[in-house]
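Structure at a glance
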Amino acid sequence: MEVSTEDYLKALFHLQEESGPSVKTNALSEKLHISPSAVTDMLKKLAAKKYVTYAPYRGVTLTKEGRAIGCNIVRRHRILELYLHQKLGYSWDQVHAEAEQLEHAASDDLIQKMEAALGFPHFDPHGDPIPRIDGTLPVQSALRLSEGQKGRDYVVMRVSDLDAQFLHHLSGVGVVLQAKIQIKEILSFDRSLIISVGEQTHAISYFTAKHIWVAPEG
Ligand SMILES: [Zn+2]
């Protein structure tokens, strides 16, 4: 299968995970950094192969077969990331770029052996759930830190893995998985937050807070 087909189905799987079954062409175009007209052409091809159902202006939905492929690429990506992190010592801001390449090349057999070597883990180094071989996902209940309340304590469950600099910044201020955070202040004019992590206090933007998922503590 072509890498581009796999990338489209993966992107659709991600967008469905974020915001429900029907995906807007624009959202897909933004995610892939590809023009809307090129996206539309590709969607027609994917629809002809029965990977998606697509009607102009009504959005696109993965078929069962399309979802299975997208889900499998995400599964490969997250197992590879965890393997690179746990077994080879890559930091959490280095694993994504490597996994982007390897996810298309690794065989299913290799992925299954890595999964077993890791002890059938549920989450990757960013807290993203790892789809099981049957296409089901471990359940994770978390909210965006941007939706948290002043004065409450939270535990970091998941962070967005899309930007290495973002991840580097987070670990620099102690925001790592399982770190405890308290929201000290929510600034009403731009919704940025003052948080405490351990002994330290940091200001973080609304954008950053939106890309960190937490669970209330206690
Ligand atoms: Zn990840």
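Attention here is on the structure that accompanies the text. (Residues numbered from 1 in each chain as written. Predicted model: local features only at pLDDT ≥ 70, side-chain atom pairs only at ≥ 80, totals over all residues. Heavy atoms only, no water.)

Let us now look at the overall build of the protein chain. Helices and strands together make up the secondary structure of the protein chain, namely eight helices and eight strands. Taken along its principal axes, the extent of the C-alpha atoms in the protein chain is 55 × 45 × 30 Å. The buried share of the protein chain, reckoned over its 218 residues, is 44%. For the protein chain, long-range pairs separated by at least 24 residues make up 60% of all intrachain contacts whose partners lie at least 6 apart in sequence. Accessible surface computed for the protein chain: about 11,700 Å², of which carbon and sulfur atoms make up 53%. With 24 positive and 27 negative side-chain charges, the protein chain shows a spacing of 6 Å between the two charge centroids. (Helix = DSSP H or I, 4+ residues; strand = E, 2+ residues; numbered from the N terminus. Buried < 20%, exposed > 50% of the residue type's maximum accessible area, 1.4 Å probe, protein only. Contact = heavy atoms within 4.5 Å. Areas by Shrake-Rupley, 256 points an atom, 1.4 Å probe, with all protein chains shown as cover. Lys, Arg positive; Asp, Glu negative; His and termini not counted. Charge placed at Lys NZ, Arg CZ, Asp CG, Glu CD.)

The six strands lie next to each other as E3-E8-E4-E5-E6-E7, forming an open sheet whose pairing is antiparallel. With partners counted over all chains shown, the strands left at the sheet margins are strand E3 (143-144) and strand E7 (200-204), one partner each. (Pairing = 2+ DSSP bridges.)

A separate point is the coordination of the zinc ion. Protein ligation of the zinc ion involves Glu-81 (OE), Asp-124 (OD), His-126 (ND1) and Asp-161 (OD), the donor distances falling in the range 2.1 to 2.7 Å. One way to put it: the four donor atoms around the zinc ion meet at angles of 81 to 143 degrees, and that makes the site irregular. Binding-site remark: the zinc ion is held by donors from one chain whose sequence spacing is E-x42-D-x1-H-x34-D. Of this pair, Asp-124 sits in the loop between helix H6 (108-117) and E3 while Asp-161 is found in the loop between strand E4 (153-159) and helix H7 (164-172), placing the two residues 37 residues apart along the sequence. With respect to class, Asp-124 is no different from Asp-161; both count as buried. (Donors = N, O, S within 2.8 Å, 3.2 Å for Na, K, Ca; no water. Tetrahedral: all angles 85-135°; square planar, octahedral: opposite > 155°, others 65-115°.)

On to the packing of aromatic side chains. Counted under the stated rule, the structure contains zero aromatic pairs. Over the face of the ring belonging to Trp-213 we find Arg-158, whose NZ or CZ atom lies 5.5 Å from the ring centre. (Phe/Tyr/Trp six-rings, centres within 6.5 Å; stacked < 30°, edge-to-face > 60°. Lys NZ or Arg CZ within 6 Å of the ring centre and 35° of its normal.)

For Arg-76, the position within the fold is in helix H4 (residues 64-88). Take Arg-76: its relative accessible area is 9%, and that puts it in the buried class. A distance of 2.8 Å separates a polar side-chain atom of Arg-76 from the backbone oxygen of Glu-103. When sequence neighbours within four positions are dropped, the list of residues in contact with Arg-76 reads Glu-103, His-104, Ala-106, Ser-107, Asp-108 and Ile-111. (Polar contact = N/O pair within 3.5 Å; in protein donor to acceptor, adjacent residues only side chain to side chain.)

As a further point, take the packing of helix H1 (residues 3-19) against H4. Packing of H1 against H4 leaves a shortest axis separation of 8 Å and a crossing angle of 90 degrees. Viewed along their axes, H1 and H4 adopt a mutual orientation that is roughly perpendicular. For the pair formed by H1 and H4, the contact residues are Glu-6, Leu-9, Lys-10, Phe-13, His-14 and Glu-17 on the first element and Gly-66, Arg-67, Ile-69, Gly-70, Cys-71, Ile-73, Val-74, His-77 and Arg-78 on the second. Each residue belonging to the contact of H1 with H4 can be placed in one class, and the counts come to six nonpolar, four polar and five charged. (Axes fitted to C-alpha atoms, helices over the stretch in contact; angles between N-to-C directions. Parallel < 35°, antiparallel > 145°, perpendicular 65-115°, else oblique. Nonpolar A, V, L, I, M, F, W, Y, C, P; charged D, E, K, R; others polar.)

Here we come to helix H5 (residues 95-105). Buried within H5 are the following residues: Val-95, His-96, Ala-99 and Glu-103. End-on view of H5: buried residues confined to an arc of 80 degrees, all on one side of the axis. Facing away from the buried side of H5 by over 90 degrees, the exposed positions are Ala-97, Gln-101 and Ala-105. Lining the buried residues of H5 we find H1 and H4. (Arc of directions from axis to C-beta.)

Turning our attention to the environment of Leu-118. Following the sequence through the fold, Leu-118 ends up in the loop between H6 and E3. Here the alpha-carbon distance between Leu-118 and Lys-87, two residues 31 residues apart in the chain, equals 8.4 Å. Leu-118 has contacts with Ile-79, Leu-82, Tyr-83, Gln-86 and Lys-87, leaving out every residue within four places of it along the chain.

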